[in-house]
Amino acid sequence: MNHRHSVRRFLPTPVPLQTVRHILRVASRAPSGNNIQPWRVHAVAGEVRQALCRDILQAAREAAEQHRSEYDYYPSQWVEPYLERRRKNGFALYEVLGIERNDRERRERQMLRNYSFFDAPVGLLVSLDRRLNTGSYMDVGMFIQNILIAARGQGLHTCAQAAFAPFHAVVRRHLPLREEDVLLCGIALGYEDVQAPENRLLTERQQVEEFAVFHGFGEAAQDSR
Ligand SMILES: Cc1cc2nc3c(=O)[nH]c(=O)nc-3n(C[C@H](O)[C@H](O)[C@H](O)COP(=O)(O)O)c2cc1C
């Protein structure tokens, strides 16, 4: 877990199909309520990936406002402390890339790199059956995290990408997503370009004491810092 981070520039080195299969197989050991295993994945590489990326990129450039995610990942109204963390995260990425805060064009260009899976040779598109309920989002989240961790076991890196969610209609033109599938996110999968500045971004986390409260542990819980 300490060796996973979001990679936003990949090498063109291909990832063998058997490695992708292996990652998905072990990731599917994720728990799910009643073992219903609600996740579905379309893995894309080669020409399929290229054609998909080309069309989504075009849609994102020319008519992004016409595309809407089928689920709400973020609130419509941000509140603290999340607003501040979100801002900090965005600015930190632009800073490592040397993009000025008011350089809208370069920010936009960087954002659009999502739709080439940040050059990763493999893209995964993860969906969930809309007839299920909100609990299943937890299950798919665990499955997704397993993919990210299993990738590290194969020397690979990843970036989860909710940026794909609004473009489900474009994805449907390329892949047989079922009527009931809600596109949750993409995942870029490949080898990290270790020279790339954007991959040097190290994100912070809250201290355990800031998000967890310990009860009934006795004295030791008070001076655990
Ligand atoms: C479900 C999910 C969706 C995400 N979507 C995007 C995305 O569309 N584009 C992107 O660049 N990063 C995306 N991220 C990456 C987060 O920005 C990143 O996980 C966070 O800043 C923490 O950094 P780390 O992954 O390097 O630890 C996503 C992460 C998750 C878990």
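Described in the following lines is the structure provided in the data block. Owing to the predicted nature of the structure, the values given are computational and were not obtained by experimental measurement.

## Re the overall build of the protein
Then step 1. Across its full length, the protein holds 7 helices and 4 strands.
Then step 2. Counting only C-alpha atoms, the protein reaches 60 × 50 × 35 Å along its principal axes.
Then step 3. Residues classed as buried in the protein amount to 26% of the 225 residues present.

## Observations concerning the site of the ligand
Then step 1. In the neighbourhood of the ligand, the contacting residues comprise His5, Ser6, Arg8, Asn89, Asn114, Cys159, Ala160, Gln161, Ala162, Ala163, Cys185 and Thr203.
Then step 2. The element best represented in the shell around the ligand is strand 3 (residues 157-161), accounting for 3 residues.
Then step 3. Of the residues contributing to the shell around the ligand, the split by class is 5 nonpolar, 6 polar and 1 charged.

## Quick notes on the sheet that holds strand 2 (residues 122-129)
Within a sheet, adjacent strands bond to each other through the backbone by hydrogen bonds, running parallel or antiparallel.
Then step 1. Taken in spatial order, the 4 strands make up an open sheet running 1-2-4-3, and their pairing is antiparallel. The open sheet terminates on both sides in strands that have one partner only, identified here as strand 1 (39-44) and strand 3. With strand direction ignored, the average angle separating the axes of adjacent strands in the sheet is 25°.
Then step 2. Looking at chain direction, strand 2 and strand 4 (residues 181-190) are connected through 8 bridges and run antiparallel.

## Comments concerning the pairing of strand 3
Then step 1. Of all the 5 residues making up strand 3, 4 are buried; the element is thus mostly covered by neighbouring parts of the structure.
Then step 2. Both strand 3 and strand 4 contribute to a ladder of 5 bridges, which runs antiparallel. Following the sheet pairing, Gln161 is matched in strand 4 by Gly186.

## Some remarks on the environment of Asn114
Then step 1. Secondary-structure assignment places Asn114 in the loop between helix 4 (104-112) and strand 2.
Then step 2. Residue Asn114 is classed as buried on the basis of its 21 C-beta neighbours within 10 Å.
Then step 3. Placed 64 residues apart in sequence, Asn114 and Gln50 show a C-alpha to C-alpha distance of 13 Å.
Then step 4. Once residues lying within four places of it in the same chain are set aside, the contact partners of Asn114 are Gln161 and Ala163.

## Things to note about the environment of Val171
Then step 1. As for its position among the elements, Val171 is in helix 6 (residues 168-174).
Then step 2. Linking Val171 and Asp119, residues 52 residues apart in sequence, is a C-alpha distance of 18 Å.
Then step 3. With near-sequence residues (within four places) excluded, Val171 lies in contact with Leu52, Leu125, Leu177 and Leu183.

## Considering the environment of Leu177
Then step 1. With respect to the element layout, Leu177 can be found in the loop between helix 6 and strand 4.
Then step 2. Judged by local crowding, Leu177 falls into the partly exposed class, with 18 C-beta atoms found within 10 Å.
Then step 3. With 176 residues separating them in the primary sequence, Leu177 and Met1 have C-alpha atoms 31 Å apart.

## Examining unusual backbone geometry
Then step 1. Here the residue pair Glu80 and Pro81 is connected by a cis peptide bond, since its omega of 5° sits within 30 degrees of zero.
Then step 2. Relative to the helices and strands, Pro81 resides in the loop between helix 2 (46-63) and helix 3 (82-97).
Then step 3. In this model, Asn34 sits at a positive phi of 60°, which is unusual for a non-glycine residue.
Then step 4. Structurally, Asn34 is set in the loop between helix 1 (17-27) and strand 1.
Then step 5. When the 8 C-beta atoms within 10 Å are taken as the criterion, Asn34 is described as exposed.
Then step 6. Of note in the backbone geometry, Gln37 takes a positive phi value of approximately 50° without being a glycine.
Then step 7. Relative to the elements of secondary structure, Gln37 occurs in the loop between helix 1 and strand 1.
Then step 8. We classify Gln37 as partly exposed; it has 14 C-beta atoms within 10 Å.

Conventions and cut-offs
Residues numbered from 1 in each chain as written. Predicted model: local features only at pLDDT ≥ 70, side-chain atom pairs only at ≥ 80, totals over all residues. Helix = DSSP H or I, 4+ residues; strand = E, 2+ residues; numbered from the N terminus. Buried ≥ 20, exposed ≤ 12 C-beta atoms within 10 Å, placed from the backbone. Near = placed C-beta within 6 Å. Nonpolar A, V, L, I, M, F, W, Y, C, P; charged D, E, K, R; others polar. Pairing = 2+ DSSP bridges. Axes fitted to C-alpha atoms, helices over the stretch in contact; angles between N-to-C directions. Contact = placed C-beta atoms within 7 Å.

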